[in-house]
Amino acid sequence: MIKKIIIILLICMLVAVGCQDRPEDITQSIEKQQMLTTDGIEPIHPSNKDQNKTRRDVSESIVSYAEEFGFYLNQLYTHLENLNELFYIEQPTENDAKKAIEHVRTAQDWSEYILNLNYPKEFENLHKVHISTLIELDSLMTSLENMDVNNDIHFRRARLYYENSIIALKSMEREYRGILEENGIK
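Description of the structure in this document.

1. Things to note about helix H4 (residues 60–81)
Then step 1. Compared with the 32 Å implied by 1.5 Å per residue over 22 residues, the 32 Å span of H4 between its first and last C-alpha is a close match.
Then step 2. Among the residues of H4, those classed as buried are Ile62, Tyr65, Ala66, Phe69, Gly70, Tyr72, Leu73, Gln75, Leu76, Tyr77, His79 and Leu80.
Then step 3. In this structure, the buried side of H4 is in contact with helix H5 (84–87), helix H6 (94–115), helix H7 (124–145) and helix H8 (152–183).

And the structure:
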């Protein structure tokens, strides 16, 4: 009988001591224990890029292609930004149109170079977006070559193709950045 009373008192004491912990305290304690490293220092939460790098190694061919494509994107932006001189000035001239044609031609040359590279399977969707960007660049080039800067309809049509090319370029850049993040590159 005394043993039963002692056991009941012991259980009551343990329950009373255990009830002092709030659920939030218990959760925080568990999280803190999980975060502690062997040397007792709490690690910083890694970024998605760091997590991806630790999940798998990225092949050199993926990194190399990503670097080439990143340079290509910069070149496209540079050449397409130069078309602002034609489309966003008051009185564009035939000379402005010729300069614009040269910039688009150079952008197309860069595009052909990238198109001829073998791309890793991770870049397959980017390749598809790249093809649609090339279609927009071709339309822009055709429009510029046939444009009369004094004809408002020709000018507006060329500017529309220019704006579509910029939109396609930004879409391609988003896809590119998504691939970089997925693969933990840069």
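2. What about the pattern of salt bridges?
Then step 1. Taken as a whole, this structure holds five salt bridges when the rule is applied.
Then step 2. Between Glu102 and Arg105 there is a salt bridge, and its shortest N-O distance comes to 2.9 Å. Of the two residues, Glu102 and Arg105 are both situated in helix H6; the distance of three residues between them amounts to about one turn of the helix.
Then step 3. Residue Arg105 is classed as partly exposed on the basis of its relative accessible area of 33%.
Then step 4. Among the salt bridges present, the one from Glu173 reaches Arg177, with a minimum N-O distance of 3.0 Å. Separated by four residues within a single helix, Glu173 and Arg177 lie in helix H8, roughly one turn from each other.

3. With respect to H6
Then step 1. Here H6 contains 22 residues, and its C-alpha end-to-end distance of 31 Å stays within 8% of the 32 Å for a straight helix at 1.5 Å per residue.
Then step 2. Among the residues of H6, Asp96, Ala97, Ala100, Ile101, Val104, Ala107, Gln108, Ser111 and Ile114 are the ones counted as buried. Considered in projection along H6, the buried side chains sweep an arc of 135° and stay on one side of the axis. Those residues of H6 that are exposed and angled more than 90 degrees off the buried face are Lys98 and Asp109.
Then step 3. Turning to H6, the residues buried within the fold contact H4, H5 and H7.

4. Considerations on the packing of aromatic side chains
Then step 1. The full count for this structure, using the stated rule, is nine aromatic pairs.
Then step 2. Each ring, one from Phe69 and one from Tyr72, has its centre 5.2 Å from the other, and the planes form 70°; the classification is edge-to-face. Here Tyr72 and Phe69 lie together in helix H4, a separation of three residues that amounts to about one turn. Like Tyr72, Phe69 is buried.
Then step 3. By way of ring pairs, the aromatic residues Tyr65, Phe69, Tyr72, Phe123 and Tyr176 are connected into one cluster.

Rules used throughout
- Residues numbered from 1 in each chain as written.
- Predicted model: local features only at pLDDT ≥ 70, side-chain atom pairs only at ≥ 80, totals over all residues.
- Heavy atoms only, no water.
- Helix = DSSP H or I, 4+ residues; strand = E, 2+ residues; numbered from the N terminus.
- Expected span 1.5 Å × (residues − 1).
- Buried < 20%, exposed > 50% of the residue type's maximum accessible area, 1.4 Å probe, protein only.
- Contact = heavy atoms within 4.5 Å.
- Salt bridge = Lys/Arg side-chain N within 4 Å of Asp/Glu carboxyl O.
- Arc of directions from axis to C-beta.
- Phe/Tyr/Trp six-rings, centres within 6.5 Å; stacked < 30°, edge-to-face > 60°.

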